[in-house]
Amino acid sequence: ASWNVRSYHMTSALLAAHPIGYLKWDHNRDLTTAGLADGAPGYRAQVHAAYALMARLRAAHPAVEIESCSGGGGRIDFEVLRHTHRVWTSDCNDALSRLAIQRGFLQFFPPEVMGAHVGTAPAHSTGRSQAMAFRATVALPGHLGVELDVRHLGEDETRELQGWIAIYKQWRDRLHHGRVWLGQGGDGLLWQAHGDEAASDVLLLAYRPVPSSHRYTPALQLPMLDSSVRYRLRQVLPEGTVRPTGRHNTAPFFDALNTPEGLVVDGAWLAQAGLPMPRVQAETAFIVHLQKL
């Protein structure tokens, strides 16, 4: 208890003395000596003490945001969400690795509390590099941040990153309110969709993490759509960029998605036959807005 009081006063004094708006609450160690003074196990007491400390700090400094983090998600639980604003899903910021990490997270938690950052290339954890568009689209559904030194970006990369941040701000309400659907298409495609309960307004994010093994990429069936109505489809890209290119037999279809009026398609066709997908290289993402007419 005395340790908790000291921790509160020291942290509270720093928050009061400096313009600190964010705390990353890390815990990347094992409780190998988790015992109380009387020899009783202390793990449960430590957890409740951490929660009590967070609650007291939030009451005293309500404008400060707290992000929970613990050894790749060891303290991502429903109780900690009562005391923090979001959680950090993993220190591995490689976009390919993040696809699986984030899809697992979204099975249990909402996207608005999922810390997801546009990382550097190459990634510090794997050494792999991906294009800015892929890194940004993977980070887009969560509590988006930037985890790289922007001073090292060229002018084109800076403009591209600014464009993706603008896309995030534009679509944040759609991404963070309503339902999330997760699915897997043929030929290694992964997809997730964010929309209202009736699936009348949906933002679809499709990812190609691996190279295609098909001459013609299989269409992506979207079973959550309303088969009795039609949808207007438009591709979502930052201003001033062009859609991902590749050799595919659906170029006219995707050209239509990039017009102001978009393309009107039957919901039954999208649910049963599926949305045609371009044949593009690995580590490519594709975003489509579907709006019920």
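Scroll up a little and you will see the structure.
This is a predicted model, so every value here is computed, not measured. (Residues numbered from 1 in each chain as written. Predicted model: local features only at pLDDT ≥ 70, side-chain atom pairs only at ≥ 80, totals over all residues. Heavy atoms only, no water.)

An account of the overall build of the chain is needed here, citing residue identities and associated values.
What the chain contains, in helices and strands, is 7 helices and 11 strands. Looking at the 293 residues of the chain, the share that counts as buried comes to 46%. Contacts in the chain between residues at least 24 apart in sequence constitute 69% of all its contacts with a sequence separation of at least 6. When the accessible area of the chain is evaluated, it comes to approximately 14,900 Å², of which 53% is carbon and sulfur surface. (Helix = DSSP H or I, 4+ residues; strand = E, 2+ residues; numbered from the N terminus. Buried < 20%, exposed > 50% of the residue type's maximum accessible area, 1.4 Å probe, protein only. Contact = heavy atoms within 4.5 Å. Areas by Shrake-Rupley, 256 points an atom, 1.4 Å probe, with all protein chains shown as cover.)

Pulling in residues and values, what's your account of the sheet that holds strand 9 (residues 230-235)?
Taking strand neighbours across the sheet as the criterion, the 6 strands line up as 6-7-8-11-9-10 in an open arrangement whose pairing is antiparallel. Each edge of the sheet is formed by a strand with only one pairing partner; in this case those strands are strand 6 (179-184) and strand 10 (263-266). Averaged over all pairs of adjacent strands, the angle between their axes in this sheet comes to 25°, without regard to strand direction. As paired elements, strand 9 and strand 10 share 4 bridges and run antiparallel to each other. Along strand 10, the bridge assignment pairs L233 with L263. The sheet contacts of helix 4 (residues 132-139) involve strand 8 (201-208) and strand 11 (284-292), and relative to strand 8 the element is tilted by about 130°. Helix 5 (residues 155-176) contacts strand 7 (190-195), strand 8 and strand 11 of the sheet and is inclined by roughly 130° relative to strand 8. (Pairing = 2+ DSSP bridges. Axes fitted to C-alpha atoms, helices over the stretch in contact; angles between N-to-C directions.)

Tell me what's going on with helix 2 (residues 43-60), and back it up with residues and numbers.
With 18 residues, helix 2 should reach 26 Å at 1.5 Å per residue; the first-to-last C-alpha distance of 26 Å fits that figure. Those residues of helix 2 that sit buried are V47, A50, Y51, L53, M54 and L57. Looking straight down helix 2, one finds its buried side chains confined to an arc of 160°; they lie on one side. Opposite its buried face, helix 2 presents the exposed residues R44 and A59, each directed more than 90 degrees away. (Expected span 1.5 Å × (residues − 1). Arc of directions from axis to C-beta.)

Lay out the pattern of salt bridges in plain terms, naming residues and giving numbers.
Within the structure shown, the criterion is met by 12 salt bridges. Here E155 makes a salt bridge to R159, at a shortest N to O gap of 4.0 Å. Within this pair, E155 and its partner R159 are both found in helix 5, separated by 4 residues, close to a single helical turn. The partner of D226 in a salt bridge is K292, and the shortest N-O contact between them spans 3.3 Å. Here D226 is found in the loop between strand 8 and strand 9, whereas its partner K292 is found in strand 11, with 66 residues between them in sequence. With a relative accessible area of 22%, D226 lands in the partly exposed category. Looking at K292, the relative accessible area reads 26%, which means it is partly exposed. Ionic contacts of the salt-bridge type, sharing partners, join the residues K24, E65, E67 and R86 into one network. (Salt bridge = Lys/Arg side-chain N within 4 Å of Asp/Glu carboxyl O.)

Kindly report on the nonpolar core, identifying the contributing residues and their values.
Within the largest apolar cluster, 27 residues are counted, with the highest numbers of intra-cluster contacts made by V118, F134, L140, L175, Y207 and I287. It is helix 5 that contributes the most residues to this core, 6 residues altogether. When residues no more than four places from it in sequence are discounted, the contact partners of F134 are A95, L96, L99, Y207, R208, E283, T284 and A285. (Core = buried A, V, L, I, M, F, W, Y, C linked by side-chain atoms within 4.5 Å.)

Account for the environment of I165, with residues named and values stated.
Note on placement: I165 falls in helix 5. A residue is classified by how much of its surface remains accessible, and I165, at 26% relative accessible area, is partly exposed. As a C-alpha pair, I165 and G145 span 20 residues in sequence and 8.7 Å in three-dimensional space. Filtering out sequence-adjacent residues up to four positions away, I165 remains in contact with L144 and V146.

Report on the packing of helix 4 against helix 5, specifying residues and quantitative values.
Relative to each other, helix 4 and helix 5 sit at 25°, their axes nearing to 10 Å. Taken together, the axis directions place helix 4 and helix 5 in an arrangement best described as roughly parallel. Handedness of the helix 4/helix 5 crossing: right-handed. Within the contact between the two elements, helix 4 uses M132, A133, A136 and T137 and helix 5 uses E157, E160, L161 and W164. Here the residues of the contact of helix 4 with helix 5 are counted per class, giving 5 nonpolar, 1 polar and 2 charged. (Parallel < 35°, antiparallel > 145°, perpendicular 65-115°, else oblique. Left-handed = near helix turned anticlockwise from the far one by under 90°. Nonpolar A, V, L, I, M, F, W, Y, C, P; charged D, E, K, R; others polar.)

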